[in-house]
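The primary structure of each chain is shown beneath.
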Amino acid sequence: MAATTHDAGTRRDFLYVASGAMGAVGVAAIAWPFVDQMNPSTAALALASTEVDLSTVQPGQQVIVKWRGHPLFVRRRTPAEIASAKAVDVNSLPDPLAYNDNLPDNSPATDANRAIKPEWLILIGVCTHLGCTPTVSTPQMPEGDYGGWLCHCHGSQYDTAGRIRKGPAPRNLQVPPYSFLSATRIKVG
Amino acid sequence: MSGPSTYNPKSGFERWLDTRLPLPRLLHDTIHTFPTPRNLNIWYTFGGILTFCLAIQIVTGIVLAMHYVANATLAFDSVESIMRDVNYGWLIRYMHSNGASMFFLAVYIHMFRGLYYGSYKAPRELIWIIGVLIYLLMMATAFFGYVLPWGQMSFWGATVITNLFSAIPVVGNHIATWLWGDFAVGDATLNRFFSLHYLLPFIIAAVVGLHIWALHVPGNNNPLGIDVKSPQDTVPFHPYYTVKDAFYLVLFVIFYALFVFYWPDFFGNPDNYQQANPLVTPPDIVPEWYLLPFYAMLRSIPNKLLGVIVMFGAIATLVFIPWLDTSRVRSCRFRPLMKQFFWAFLVACVLLGYCGGQSVDAARFGIPLVWVARIASIYYYVFFWLIMPIVGLIETPKKLPASIAQSVLGDTAAAPAE
Amino acid sequence: MRLTTVTLGTSLALGLLASTAAFAVDTTRLAPKDAAFSFQGPFGTYDRGALQRGYQVYKEVCSACHSAQHLAFHNLTEAGGPEFTEAQARALAAAAKVPAEPNDKGETTDDKGAPLMRSATLADHFPSPYPNENAARANNGSALPPDLSMIVKAREGGPQYVYSILTGFGGHAPAGFKVTDGKYYNPYFEGWNISMPPPLKDGTVTYSDGTKATVDQEAHDVVTFLAWASEPKLEERKRFGFGVMVFLVVLAGLLFAAYRRVWKDAH
C-alpha cells in the first residue's frame, strides 16, 4: 500500500518536525544531569573552603595546610622578610604579575599585591614549573638565595613574597582567594 | 521478512560508508523499510520499550558506578552520598532503581503477549528461547544489583538465595562457599556481584541483538496469528511503527516518571534503608516484586531441595513451550478454550506474586497463603505441561480470517477487539 | 465463561489485597496515627520553620543518644532544607565537637586518655554521641539507638510511624500485658515494649520563634526535620518532576497527533 496522499503533507510534516524537535530537546534536557553529575559533588565543594587558625604560627615560621588537594603555605613573615620583599623593583622580576586571586588579573607583583596583611603570606605551595612542593627557607636552614623557597626538583628559587627569581619556573607562586575572618583566622577558598 | 535489500544510498557519504561497512543498509532494512504487519496493537510496542529500558539502565548504571564503592564498609554510605552530594545523584539513582521495576513490568507484558498470540510457535521458537535466556540474564542482573546498596534486604536476600545452592546434594555447600568467596555473604561476595552486575547488561544487549535478528528472519507475528500473505498485509516500519512506538514509549515514560518523581520508594522495601547487619535478620525477607512469584513457589514446598527444583523448573519450563503447545492456531483470539486457561494463568501468577510478598505463615479469609501458593504453583505447571498439549488437540478454534489485510481493511468498523 | 473466570480471579486477588493494610504482616503494632505533613503530595514542600524548630529538637533532645551521620553541617544551608544562613550554620557547627586529627606529636588523645576534639566546620558530618556501637549499647541498657539520618525512609509507615512513636507514650497498657523491666509501653512499636524513654514533653525545648512547644508540636517539627534528613532532595525532585510531566504530556499529545496522521489512511 502506498504512503498517504500529500494533501495532508504539510500538516504531517509540521507534526513530525515538532515532535522530533521536542523529543530532541527532551533528550538534551535530561542529558544535562548526566553531565553535571561528574562535576564536584556538594561534599567536595564543602571542602573547597578551609579555615586556618593562625594563632599557633610564630614569626618566621610556615605551616602547610591541605586545601583542595594541594599544599597551602601559611607563612608569618618577619619584618626583615617583609622589608626585603618590598625593596625589590617589580620591573626586574622574571614574572611581573601578582597572580593573586583576590585582585584583577593584570595587577603587578608588588609586595602589597601579594598579601592582604603584610605579616601573613598565603600561597599555593605548588611550583609553577612542574608541580613539586618547594621547600621553605628559614634563617636556621636557608634554602636558595632569596630567603623564600627553593624547589629541589629543578632549582627554582622564590623570594620572601613567593615570586620567582631564578630557575626554570615561569610564574610566581599563586595566591589563592582568601579573607580574614578575624585577626587569627582566615578562610581560604 | 528478510530478503534482498532495497537500500539506495542518497548521499556520497552514505555510499562511502555503506560500501565499507553496511551499517546504513542494515538500519534501512531493519528500521526503515522492514515490512511489518499492519494490525499490531499496543501489546506489540513493548519490544521497543524494553530496548529503551535496557539503554536507560546501562546509562544510569555506568554513571552510578562512577560514584559507587563496592566495599562492605563503604557501599551503603556511597549510595547515600550519591543521593545527597552528587549533582542529580538522587535522580540517576531513582531512575536506575525504578527503571529496573519498569524493565520487569515491560518484560512480563512482553512475555504474556507472546503467550497469548502464540508468538513462540513455529517458525519463531528460537526467538522465544533467546527471550527466555534474556529473562534469565535479567533476573541474575537484578539479583546482583539489589545486593549492591548493602542494606538489610540486600544482604539477607543474597544470603537466602545463595543458600539455595547448598540444597544441591554432595557439592551444594562447596558451591555456596565458592559463590560467597567466604563462609557467608560478605565483602568478597559484594565485589564479585558488582563485577557481574556491570558485565551482564552488555551480554543482555548482545543477546537482544540476536533476539531481534532472529525475529527479522520470519518477521513479526500479529494479533490474528496468521501469516503475512501479501504486501497488502504489511506497512513499512517507518513511519508507521516508529511513530506508534514513539507515542507509546512516551506514555510508558510518563508512567515511569510518576514513580521516579513522586513515589520513588514505592517498589522498594524500607528495610533496605538500614545498613546490612549480619547479626540481625529482618522479620520478613522479601525480594523485589518481580521475583516474588518464584519466591512463593520456593517457599510453598516444605522440602529445601524440592523447592529449589520446583522454582528453577518453572523457569526452565518456559524453554519447552514451543513444543508443549500442540495447537495449529497461534492466537488466543481464535482459541476460546485456551483463552480461559490463559487468563487463569495470569491470575495464578498475580496470586503467586502476592503470596511471595507476605510472611510464610500469613492467612487471608482463614486460608493459609502457603496453600494458595501451592495451588497456584500446581496450576502453573499444569498450564504448561498438561493444558497446553491437551487443549491444542481437543479445542475447536474459531474461523481464521482470510488475511490480515482483509481483517483490517475489509471491515468498515475499527479493528476487532480481543 | 471467560468473563466469569476473569471476574472470579480478579475479585479473589483484589479481596486478598484489600484484607491487608501493608506488605508486611504485623498483628501487634497499632496502625500509625493519621498525621498530616506539609511535604506530602505531589506539590508538597517542607515548612522552613518546622525544619528549623525540628533541628532544635534534634539537637537538644535526640542527639544525646542518636547519631545522624549522613547529615553534614553544610546541608543545613542548602536549598530545600532548613536554609540556615552560612553564618548560622557555621555557628551551629562550631558548637559541636568532632574528633581532631592527630597533633604534631601524632597523638589522638590527651594526657588523660580522652580523645582530642576540635570544633566542627561546615564540611563535617554531625558527630555521633558515642564512638562505636558497643559504647552506644553500654549506655542504653544494651539497646542500640538507631541512626536517624534515614529513619523516616527506613520504617514502614514513614513520617506517620515516627510521629506515632514519639506521641504514643503515656497510655495505659491493657490488662494482661506486662511491660518488660527497663522498657516503656508504646503500642505503636512492634511488640509494645520500646527501649527509648519518652523523649518529648510539653516545653522540652523552648522555641526561639516563640511557637508553643507542645509534645504534638515538637513531634511534628522533629518528624519534618527527620523527613528532610531522609530526603533532602524532595523539593528539587518534585519541582523537576512537574517540569518533566508537563513536557511529557505535551510531547505525548504531539506524538499522538502524528500517529493519527500517519495511520489515517492505513485503516
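This text follows the structure it describes.
(A) Representation of the overall build of chain A. Summing up its helical and strand segments, chain A has 3 helices and 10 strands in all. Each helix and strand of chain A, placed in order from N terminus to C terminus, yields the pattern α-α-β-β-β-α-β-β-β-β-β-β-β. For chain A, whose C-alpha radius of gyration is 27 Å, the value lies well above the compact-globule estimate of 16 Å for 189 residues. Judged by the C-alpha coordinates and their principal axes, chain A covers about 95 × 35 × 30 Å. Taken over 189 residues, chain A has a buried fraction of 41%. Long-range contacts, defined here as pairs at least 24 residues apart, represent 53% of the contacts in chain A between residues at least 6 apart. Of the roughly 9,600 Å² of accessible surface on chain A, 61% is carried by carbon and sulfur atoms. Charge separation in chain A, taken as the distance between the mean sites of 16 positive and 15 negative side-chain charges, equals 3 Å.

(B) Here's a closer look at the interface of chain B and chain C. The interface of chain B with chain C comprises 53 residues on the first partner and 51 residues on the second. Carbon and sulfur atoms supply 70% of the area buried between chain B and chain C, which totals about 4,600 Å² over both sides. Applying the counting rule to chain B against chain C returns 0 salt bridges. Counting across the chain B and chain C interface gives 9 residue pairs in polar contact (both at pLDDT 80 or more). The set of elements that each furnish at least two residues to the side of chain B that touches chain C consists of α4 (75-84), α5 (89-117), α10 (237-262), α13 (336-357) and α15 (404-409) of chain B. Sort the elements by how many residues they give to the side of chain B that touches chain C and α10(B) lands first, with 17 residues. Within the side of chain B that touches chain C, the residues separate by chemical class into 36 nonpolar, 5 polar and 12 charged.

(C) Here's a closer look at the side chain of B:Ser119. Looking at the secondary structure, you find B:Ser119 in the loop between α5 and α6 (125-147). A polar contact is formed between the side chain of B:Ser119 and the side chain of B:Asn221, at a distance of 3.3 Å.

(D) Broad picture of the packing of helix α12 (residues 304-324) of chain B against helix α14 (residues 369-394) of chain B. All names here are of chain B. Closest axis-to-axis distance for the α12/α14 pair is 9 Å, and the angle between their directions is 20°. In terms of their interaxial angle, α12 and α14 are classed as roughly parallel. Seen from above, α12 lies across α14 with left-handed handedness. Note on element contacts: α14 touches α12 through Tyr-380, Tyr-381, Phe-384, Trp-385, Met-388 and Pro-389, opposite Ile-309, Val-310, Gly-313, Ala-314, Thr-317, Leu-318, Phe-320, Ile-321 and Leu-324.

(E) Main features of the sheet that holds strand β4 (residues 120-124) of chain A. Residue and element names in this part refer to chain A. With antiparallel pairing, the 3 strands of this open sheet are ordered in space as β2-β3-β4. Looking along the sheet, the strands with just one partner apiece sit at the ends: β2 (62-67) and β4. Sheet twist, expressed as the mean angle between neighbouring strand axes with direction ignored, is 20°.

(F) Here's a closer look at the pattern of salt bridges. Counting across every chain of the model gives 27 salt bridges over all chains. With a closest N to O distance of 3.0 Å, A:Asp159 and A:Arg163 form a salt bridge. A:Arg163 shares its class with A:Asp159; the two are buried. If you follow the salt bridges from partner to partner, you end up with A:Glu51, A:Arg185, A:Lys187, C:Glu86 and C:Arg90 in one network.

(G) Broad picture of the interface of chain B and chain A. Counting from both sides, the interface comprises 18 residues of chain B and, opposite them, 17 residues of chain A. Here chain B meets chain A over a buried area of about 1,400 Å², counting both sides, of which 64% is carbon and sulfur. Three residues stand out in chain B for area buried against chain A, namely B:Asp85, B:Asn87 and B:Tyr88, and they jointly supply 36% of the buried area on that side. Our count for the chain B to chain A interface comes out at 0 salt bridges. Taken together, the connections running from chain B to chain A amount to 4 residue pairs in polar contact (both at pLDDT 80 or more).

(H) Structural detail: the pairing of strand β10 (residues 185-188) of chain A. Residue and element names in this part refer to chain A. One ladder, built from 4 bridges, connects strand β1 (residues 50-53) with β10; its direction is antiparallel. Bridge pairing in β10 links Asp-53 to Arg-185. Pairing geometry for strand β9 (residues 178-182) and β10, over 4 bridges, is antiparallel. Note on β10: the bridge partner recorded for Tyr-178 is Val-188. Between β9 and β10, which pair antiparallel in sequence order, lie 2 residues.

(I) Representation of the pairing of strand β6 (residues 147-150) of chain A within the structure. All names here are of chain A. Both strand β5 (residues 135-136) and β6 contribute to a ladder of 2 bridges, which runs antiparallel. When the sheet's bridge partners are listed, Thr-135 is paired in β6 with Leu-150. Between β6 and strand β7 (residues 157-159), which pair antiparallel and follow one another directly, the connecting turn spans 6 residues, one of which, Gly-155, has a positive phi of 85°.

(J) Seen up close, helix α9 (residues 187-215) of chain B. All names here are of chain B. Here α9 is 29 residues long and its end C-alpha atoms lie 42 Å apart, about the 42 Å a rise of 1.5 Å per residue gives. Along α9, the residues that are buried comprise Thr-189, Leu-190, Phe-193, His-197, Leu-200, Pro-201, Ile-204, Val-207, Val-208, His-211 and Ala-214. Along its buried surface, α9 packs onto α3 (46-65), α4, α5, α6, α7 (152-164) and α8 (172-180).

(K) Just the state of the cysteines, in detail. By the definition in use, this model includes 1 disulfide over all chains. Across the disulfide, A:Cys132 is cross-linked to A:Cys153 (sulfur-sulfur distance 2.1 Å). One disulfide, between A:Cys132 and A:Cys153, carries an S-S torsion of -100° and so falls in the left-handed class. Of this pair, A:Cys132 sits in the loop between β4 and β5 while A:Cys153 sits in the loop between β6 and β7, placing them 21 residues apart in sequence. The class of A:Cys132 is partly exposed, set by a relative accessible area of 22%. The partly exposed category is assigned to A:Cys153, whose relative accessible area is 41%. Left unpaired, B:Cys53 is separated from the closest cysteine sulfur, that of B:Cys349, by 20 Å. Lacking any disulfide linkage, B:Cys332 is separated from the closest cysteine sulfur, that of B:Cys349, by 14 Å. A relative accessible area of 2% means that B:Cys332 is categorised as buried.

(L) Molecular detail of the environment of A:Arg114. Residues and elements named next belong to chain A. Here Arg-114 is to be found in the loop between α3 (79-86) and β4. Put simply, Arg-114 and Arg-77 are 37 residues apart on the chain and 12 Å apart in space, counted from C-alpha to C-alpha. If we skip the residues at most four places from it in the chain, Arg-114 touches Ala-98, Tyr-99, Asn-100, Ala-109, Leu-121, Leu-123, Ala-161, Gly-162, Arg-163, Asn-172, Leu-173 and Val-175.

(M) Just α7(B), in detail. All names here are of chain B. Spanning 13 residues, α7 covers 19 Å between terminal C-alpha atoms, matching the ideal 18 Å at 1.5 Å per step. Within α7, the full set of buried residues consists of Gln-152, Met-153, Ser-154, Phe-155, Trp-156, Gly-157, Ala-158, Thr-159, Thr-162 and Leu-164. Check the buried side of α7 and you find it contacts α6, α8, α9, α11 (292-300) and α12.

(N) Fine view of the nonpolar core. B:Leu115 and B:Phe384 are the most contacted members of the largest nonpolar core, which totals 151 residues. A total of 17 residues in this core trace back to one element, the largest contributor, which is α5(B). Excluding anything up to four places from it in sequence, B:Leu115 contacts B:Tyr120, B:Trp128, B:Ile321, B:Phe342, B:Phe345, B:Phe384 and B:Met388. Listed in part, the 46 residues of the second largest apolar core include C:Phe39, C:Leu148, C:Ile151 and C:Ala213.

(O) Looking closely at the sheet that holds β7(A). All names here are of chain A. Spatially, 4 strands are ordered β5-β6-β7-β8 in an open sheet, and the strand pairing comes out antiparallel. Taken across any chain shown, the strands that pair with only one partner, and hence form the sheet edges, are β5 and β8 (164-166). Inspection of the sheet shows β6 paired to β7 by 3 bridges, in the antiparallel sense. Along β7, the bridge assignment pairs Gly-147 with Asp-159.

(P) Highlighting the side chain of B:His211. When you line up the elements, B:His211 lands in helix α9. Setting aside anything within four residues of it in sequence, one finds B:His211 in contact with B:His110, B:Ile127, B:Ile130, B:Gly131 and B:Ile134.

(Q) Fine view of a nonpolar patch on the surface. Residue and element names in this part refer to chain B. Taken together, Phe-320, Leu-337, Trp-385, Leu-386, Ile-390, Leu-393 and Ile-394 make up a surface patch of nonpolar side chains, about 690 Å² in accessible area. Here the nonpolar patch takes 5 residues from α14, the largest share from any one element. Positionally, Leu-386 belongs in helix α14.

The rules we used
Residues numbered from 1 in each chain as written. Chains lettered and ligands numbered in written order. Predicted model: local features only at pLDDT ≥ 70, side-chain atom pairs only at ≥ 80, totals over all residues. Heavy atoms only, no water. Helix = DSSP H or I, 4+ residues; strand = E, 2+ residues; numbered from the N terminus. Rg over C-alpha atoms; globule rule 2.2 N^0.38 Å. Buried < 20%, exposed > 50% of the residue type's maximum accessible area, 1.4 Å probe, protein only. Contact = heavy atoms within 4.5 Å. Areas by Shrake-Rupley, 256 points an atom, 1.4 Å probe, with all protein chains shown as cover. Lys, Arg positive; Asp, Glu negative; His and termini not counted. Charge placed at Lys NZ, Arg CZ, Asp CG, Glu CD. Buried area = accessible area lost by both parts, 1.4 Å probe. Salt bridge = Lys/Arg side-chain N within 4 Å of Asp/Glu carboxyl O. Polar contact = N/O pair within 3.5 Å; in protein donor to acceptor, adjacent residues only side chain to side chain. Nonpolar A, V, L, I, M, F, W, Y, C, P; charged D, E, K, R; others polar. Axes fitted to C-alpha atoms, helices over the stretch in contact; angles between N-to-C directions. Parallel < 35°, antiparallel > 145°, perpendicular 65-115°, else oblique. Left-handed = near helix turned anticlockwise from the far one by under 90°. Pairing = 2+ DSSP bridges. Expected span 1.5 Å × (residues − 1). Disulfide = S-S within 2.5 Å. Core = buried A, V, L, I, M, F, W, Y, C linked by side-chain atoms within 4.5 Å. Patch = residues over 30% accessible without salt bridge, like charges linked within 9 Å, V, L, I, M, F, W, Y side chains within 5 Å.

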